Amino acid sequence: GHALQSATPVWSGDDWELILAAARARPYRQFLTAPDGRSTALAFGGEEAAWDNGTTVRSVVTAESWTTDLRLPLNGLLAGGQSVAPGGVLYLNAIRGACGRCVAWSATFTEGNHSLSRLGELRLAP
């Protein structure tokens, strides 16, 4: 492993990134957080560059691990302030950025982290 690095902007160091969308297409949102607990929320395709997400972040770094607890409210989570209801569907990818190296829940290969066609589908419990 390597020593974790928090950086400015958040995505230039170690981070967790979530890509969130109502469909595998624009518009979509991105939430990023660093080991020091700082976060950035960005929007792409049809709305402001940043969104007020109401997300809470708890980040705990030890010599052996980095644990991040994210709590994202489903109300207004998606682009344009769309909510995700119980039984609803959202599309996302979770990416662990590590200073130039990335591991993703849904592999993006050479398309990059913003590959919307590769977003995984999540169906919430009713």
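Everything quoted here is computed from the prediction, not taken from an experiment. (Residues numbered from 1 in each chain as written. Predicted model: local features only at pLDDT ≥ 70, side-chain atom pairs only at ≥ 80, totals over all residues. Heavy atoms only, no water.)

A few words on the overall build of the protein. When its secondary structure is counted, the protein shows 0 helices and 8 strands. Counting from the amino terminus, helix and strand elements in the protein follow one another as β-β-β-β-β-β-β-β. A compact globule built from 126 residues should have a C-alpha radius of gyration of about 14 Å, and the protein, at 14 Å, falls within 12% of that. The C-alpha extent of the protein, read off along each of the three principal axes, is 40 × 30 × 30 Å. Buried residues in the protein amount to 37% of all 126 residues. Relative to all contacts within the protein whose residues are 6 or more apart in sequence, the contacts with residues 24 or more apart total 51%. Taking the 10 positively charged and 11 negatively charged side chains of the protein as two groups, their mean positions are separated by 4 Å. (Helix = DSSP H or I, 4+ residues; strand = E, 2+ residues; numbered from the N terminus. Rg over C-alpha atoms; globule rule 2.2 N^0.38 Å. Buried < 20%, exposed > 50% of the residue type's maximum accessible area, 1.4 Å probe, protein only. Contact = heavy atoms within 4.5 Å. Lys, Arg positive; Asp, Glu negative; His and termini not counted. Charge placed at Lys NZ, Arg CZ, Asp CG, Glu CD.)

Moving on: the packing of aromatic side chains. Under the criterion given, the structure shown has 2 aromatic pairs. Their ring planes at 15° and their centres at 4.9 Å tell us that Y28 and F44 sit as a pair that is stacked. Pair noted here: Y28 is in strand 2 (residues 28-33) and F44 is in strand 3 (residues 39-44), with a separation of 16 residues, a long-range link. For Y28, a relative accessible area of 3% gives the class buried. (Phe/Tyr/Trp six-rings, centres within 6.5 Å; stacked < 30°, edge-to-face > 60°.)

This part is about the nonpolar core. Counting 11 residues, the largest nonpolar core is built from L18, L20, F31, A41, A43, W51, L77, L78, V84, L90 and L92. Sorting the residues of this core by element identifies strand 1 (14-21), strand 3 and strand 6 (89-98) as the ones contributing at least two each. When sequence neighbours within four positions are dropped, the list of residues in contact with L77 reads L20, R29, W51, L72, Q82 and L90. I19, Y28, Y91 and I95 belong to the second-largest nonpolar core, a separate cluster that totals 7 residues. (Core = buried A, V, L, I, M, F, W, Y, C linked by side-chain atoms within 4.5 Å.)

Take the pairing of strand 2 next. Strand 2 sits mainly inside the fold: 6 of its 6 residues count as buried. The alternating pattern of strand 2 places Y28, Q30 and L32 and R29, F31 and T33 on opposite faces, both of which are buried. Bridge count for strand 1 against strand 2 is 5 bridges, and the pairing is antiparallel. From the neighbouring strand, I19 faces strand 2, where its bridge partner is Q30. Hairpin connection from strand 1 to strand 2: 6 residues lie between these consecutive antiparallel strands. As judged from the 6 bridges shared by strand 2 and strand 3, these two strands associate in the antiparallel manner. Each residue of the ladder has a partner; that of Y28, found in strand 3, is F44. The turn joining strand 2 and strand 3, which pair antiparallel and follow one another in sequence, is formed by 5 residues; a positive phi near 90° is taken by G37. (Pairing = 2+ DSSP bridges.)

So, to be careful, I would describe these as geometric facts and stop short of saying anything about function.
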